[in-house]
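Chains, contacts and geometry: an overview
For reference, the chains in residue letters:
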Amino acid sequence: MTVLDYTPYVEQGFFITESNSVSFDYNPISTIYVVTTGSESKKDMEWYYDKGVMRQRDARIASPENALKKAVEEAKSRGGNGLINLKINPTFSQASNGGSYINGYSLSAMIINKK
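A short tour of the structure in this document, coming up. (Residues numbered from 1 in each chain as written. Predicted model: local features only at pLDDT ≥ 70, side-chain atom pairs only at ≥ 80, totals over all residues. Heavy atoms only, no water.)

Some words on the pairing of strand β5 (residues 82–94)
Alignment of strand β1 (residues 15–16) against β5, held across 2 bridges, turns out to be parallel. Bridge pairing in β5 links Phe-15 to Gly-82. A loop of 5 residues connects β5 with strand β6 (residues 100–114), the two strands running antiparallel in sequence, and Gly-98 in this loop sits at a positive phi of about 95 degrees. (Pairing = 2+ DSSP bridges. Helix = DSSP H or I, 4+ residues; strand = E, 2+ residues; numbered from the N terminus.)

Notes on the sheet that holds β6
One open sheet holds the 4 strands; their spatial order is β1-β5-β6-β2, and the pairing between them is mixed. Each edge of the sheet is formed by a strand with only one pairing partner; in this case those strands are β1 and β2 (26–37). Contacts between helix α2 (residues 64–77) and the sheet are confined to β1, β2, β5 and β6, with β2 contributing the most and set at about 145 degrees to the helix. (Contact = heavy atoms within 4.5 Å. Axes fitted to C-alpha atoms, helices over the stretch in contact; angles between N-to-C directions.)

Quick word on the packing of aromatic side chains
Throughout the structure, instances matching the rule amount to 2 aromatic pairs. Pairing Phe-15 with Phe-24 gives two aromatic rings, centres 5.0 Å apart and planes at 90 degrees, and the pair type is edge-to-face. A relative accessible area of 23% places Phe-15 in the partly exposed class. Put simply, the rings of Phe-15, Phe-24 and Tyr-26 pair up and form one aromatic cluster. Lys-114 extends its terminal NZ or CZ atom over the ring of Phe-24, reaching a point 4.6 Å from the ring centre. (Phe/Tyr/Trp six-rings, centres within 6.5 Å; stacked < 30°, edge-to-face > 60°. Buried < 20%, exposed > 50% of the residue type's maximum accessible area, 1.4 Å probe, protein only. Lys NZ or Arg CZ within 6 Å of the ring centre and 35° of its normal.)

A look at the nonpolar core
Core analysis: the largest hydrophobic core is formed by 16 residues, its most contacted members being Ile-16, Ile-32, Leu-68, Leu-83 and Leu-107. Looking at this core, the elements with two or more residues in it are β2, α2, β5 and β6. By residue number, the principal contributor to this core is α2, which donates 5 residues. Beyond its immediate stretch of four places on either side in the chain, Ile-32 contacts Ala-71, Glu-74, Leu-83, Leu-107, Ser-108, Ala-109 and Ile-111. (Core = buried A, V, L, I, M, F, W, Y, C linked by side-chain atoms within 4.5 Å.)

Some details on the pattern of salt bridges
This structure, assessed with the given rule, holds 1 salt bridge. Among the salt bridges present, the one from Arg-78 reaches Glu-74, with a minimum N-O distance of 2.7 Å. (Salt bridge = Lys/Arg side-chain N within 4 Å of Asp/Glu carboxyl O.)

What to know about the side chain of Ser-93
For Ser-93, the location among the structural elements is in strand β5. Classification of Ser-93 by relative accessible area gives buried; the value is 18%. Setting aside residues no more than four positions away along its own chain, Ser-93 makes contact with Gly-99, Ser-100, Tyr-101 and Asn-103.

Pasting the structure below:
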């Protein structure tokens, strides 16, 4: 089970809802899409030694929390103080055994400025 806690953002005066309608006036700023994966760049990879070979492992695991954090940061940088119609979904990759696994998360929302 995963619980995505909005409290840290709400305490900063940032509004977040999964609803696509709200009961207050706002200015729409933009739509945002965020996709997170196991590692965001090569510098986030850590090295480890395995069976005589140096390998890289993701130092940061993709999470819905990371996707939300990026969305809030971007919203604030654009003058937003809220996200509405928030949707966060896992993204999957095909495993070599024919199964699948979660390799990241995708987020979409509308950035707003609550009046």
